[in-house]
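Residues per chain, in single letters:
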Amino acid sequence: TCLIGLMSGTSLDGVDAVLVEFGPRFPAGQQLASHYLPYPADLRTRLLNLHQPGYDELHRAAGLANELASLYAQCAAALRHPDALPIAAIACHGQTIRHRPDCGYTLQLVNAALLAELSRTRVIADFRSRDIAAGGQGAPLVPAFHAAAFHDPANDRAVVNIGGIANLTHIAADGGIGGFDCGPGNMLLDAWCARHTGQSYDRGGVWGASGQVLPELLARLLAHPFFTAVPPKSAGREQFNLDWLDHLRTGHERPQDVQATLTQLTALTIAHALRDHCPATPREVYVCGGGAHNDALIGQLRKELPAVQIALTDTLGYPADWLEAHAFAWLGWQTLLGQPGNRTEVTGARHPCTLGAIYPP
């Protein structure tokens, strides 16, 4: 059985699409094809504006959901493989514009009915709401897939996804699992870089590496209560954004020094999460997401965890750039099987749930 996984994350950079085959030989899925479609700058701006209350936001959100459905359909149509079986479903995460489990809801934009109409394919969407309805955080959901793909009976492992938000999964050798959001991943780094350089991200972390960490600013950033909260926990732009950063700055810092400090913030909070909330610090950490290519960030993470082997998930056969889209294809496969997609020890839900709403072709 083949499914398409579509992921557009907190970074708001574009759509990742993968074609994945599932079956007895590939219970966690074998990736057959991938495609990336960047967001137009205007679309990204309009999505960012929806993260805060504004004029006529219901109409703007509905219009954007339609635009996203068209982009998702384009991505799905671009996936081709000569040996692929018929596509059973498109598993679409949608674009998060509000994540408020504390208020009992999360909102990922996509007109899934329109996507089903455009693609003439079954669509599975709205994965997070069912977990929240059961008292969970609705995030992170990918640890269930990480456990299926990366469990090693001989070693404790961790998988760290550094997207807009960084999250980790701890996979114990005995099969136990834990996972939660660590805090900002690329989100603040990208936003600060765009403000001061005009570039959408700090390629390789070179600009941040040219600056010096500002200890006082770092201490103020680390004082956010999210970092000392006990899992299960999840985060988004509601907690971590440029307004929050600007409130904590003096205004006299060199921009590259702020970038260096934000790089250290991401590295430190990931390292602290691994040390403080895993039963034992794992010996192997596998990194995925856009932050996996930030050499300065990964270098800082290695300094914080000198006894830990840190590598990309590519070394285990799962490309780091496509892992989250693959995870949502797997979650869609679980939905079709009628199997739970959440892990209660990760999200805090009262019970396992089959996730997602299905829209027929």
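Please read all numbers here as calculations on a predicted model, not as lab measurements.

**Observations concerning the pattern of salt bridges**
Link 1 in the chain: For the structure on display, the rule yields 13 salt bridges.
Link 2 in the chain: For E57, the salt bridge identified is with R98, shortest N-O distance 3.6 Å. Pair noted here: E57 is in helix α2 (residues 57–77) and R98 is in strand β4 (residues 87–100), with a separation of 41 residues, a long-range link.
Link 3 in the chain: Given the relative accessible area of 26%, E57 is considered partly exposed.
Link 4 in the chain: With relative accessibility at 17%, the residue R98 sits in the buried group.
Link 5 in the chain: When the shortest N-O distance is used, the salt bridge between D246 and R195 registers 2.9 Å. A residue pair is termed long-range when its members are at least 10 positions apart, and D246 in helix α9 (residues 242–248) and R195 in helix α6 (residues 187–197) qualify at 51 residues.

**Thoughts on helix α12 (residues 323–337)**
Every α-helical turn comprises 3.6 residues, leaving residues that sit three or four positions apart pointing alike.
Link 1 in the chain: Taking 1.5 Å of rise per residue, 15 residues should cover 21 Å, and α12 covers 21 Å from first to last C-alpha, within 8% of that figure.
Link 2 in the chain: Counting buried residues in α12 gives 12 out of 15 residues, a clear majority hidden from the surface.
Link 3 in the chain: Listed in full, the buried residues belonging to α12 are L323, A325, H326, A327, F328, A329, W330, L331, G332, W333, Q334 and T335.
Link 4 in the chain: Just beyond α12, the residue with positive phi is G338, at close to 75 degrees.

**Quick word on the pairing of strand β10 (residues 284–288)**
Link 1 in the chain: Summarising burial for β10: 5 of the 5 residues are buried, a large majority.
Link 2 in the chain: The side-chain alternation of β10 yields two buried faces, one formed by E284, Y286 and C288 and the other by V285 and V287.
Link 3 in the chain: Strand direction decides the pairing type here: strand β7 (residues 157–162) and β10, joined by 5 bridges, are parallel. Pairing of A158 across the sheet is with V285, part of β10.
Link 4 in the chain: Relative to strand β11 (residues 309–312), β10 runs parallel, the two sharing 4 bridges. Of the residues in β11, the one forming a bridge with V285 is I310.
Link 5 in the chain: Where the polypeptide runs from β10 across helix α11 (residues 295–304) and back to β11, its parallel neighbour, the crossover connection is right-handed.

**A look at the sheet that holds β11**
Link 1 in the chain: Spatially, the 5 strands line up as an open sheet ordered β9-β8-β7-β10-β11, and their pairing is mixed. Looking at the sheet topology across the chains shown, the edges are occupied by β9 (177–184) and β11. Neighbour-to-neighbour, the strand axes of the sheet open up by a mean angle of 20 degrees, direction not taken into account.
Link 2 in the chain: By the bridge criterion, 7 bridges tie strand β8 (residues 165–171) to β9 in an arrangement that is antiparallel. Paired with L168 across the strands is F180, a residue of β9.
Link 3 in the chain: Relative to β11, α11 is tilted by about 155 degrees, and along the sheet it contacts β7, β10 and β11.

**Concerning the environment of P231**
Link 1 in the chain: Following the sequence through the fold, P231 ends up in the loop between α8 (215–222) and α9.
Link 2 in the chain: Given a relative accessible area of 24%, P231 falls into the partly exposed group.
Link 3 in the chain: Not counting residues up to four positions away in its chain, the partners in contact with P231 are F180 and H277.

**Regarding the side chain of N342**
Link 1 in the chain: Assignment of secondary structure puts N342 in the loop between α12 and α13 (344–347).
Link 2 in the chain: The class of N342 is buried, set by a relative accessible area of 4%.
Link 3 in the chain: Side-chain polar atoms of N342 contact the side chain of D131, separated by 2.8 Å.
Link 4 in the chain: At 2.7 Å, the side chain of N342 forms a polar contact with the backbone nitrogen of C353.

The rules behind these values
What you see as residue numbers is a count from 1 along each chain, following the sequence as written. Totals for whole chains, interfaces and linings use every residue, but because this is a predicted model, local features are given only for residues with pLDDT of at least 70 and side-chain atom pairs only at 80 or more, for both listing and counting. Excluded from the side-chain calculations are hydrogens and water; all other atoms, namely the structure's heavy atoms, are used. Every case where a carboxyl oxygen of Asp or Glu lies within 4 Å of a side-chain nitrogen of Lys or Arg is listed as a salt bridge. The helix and strand labels rest on DSSP assignments: H or I over at least four residues marks a helix, E over at least two residues marks a strand, and numbering proceeds from the N terminus. Here's how the labels work: a residue is buried when its accessible area is under 20% of the maximum for its type, exposed when over 50%, partly exposed in between, all with a 1.4 Å probe on protein chains only. To estimate the expected span of a helix, count its residues, drop one, and scale the result by 1.5 Å. DSSP bridges decide pairing: two strands pair if at least two such bridges lie between them. Handedness is read with the strands pointing away from the viewer; a crossover is right-handed when the path from the first strand over the helix to the second is clockwise. Fitted lines through C-alpha atoms serve as axes, helices being fitted only where they are in contact, and the angles separating the N-to-C directions of these axes extend from 0 to 180 degrees. For this analysis, residues touch if any pair of their heavy atoms sits within 4.5 Å. Pairs of N or O atoms within 3.5 Å make up the polar contacts considered here, provided that, within protein, one atom can donate a hydrogen while the other can accept it, and that residues adjacent in sequence are counted only when both atoms are side-chain atoms.

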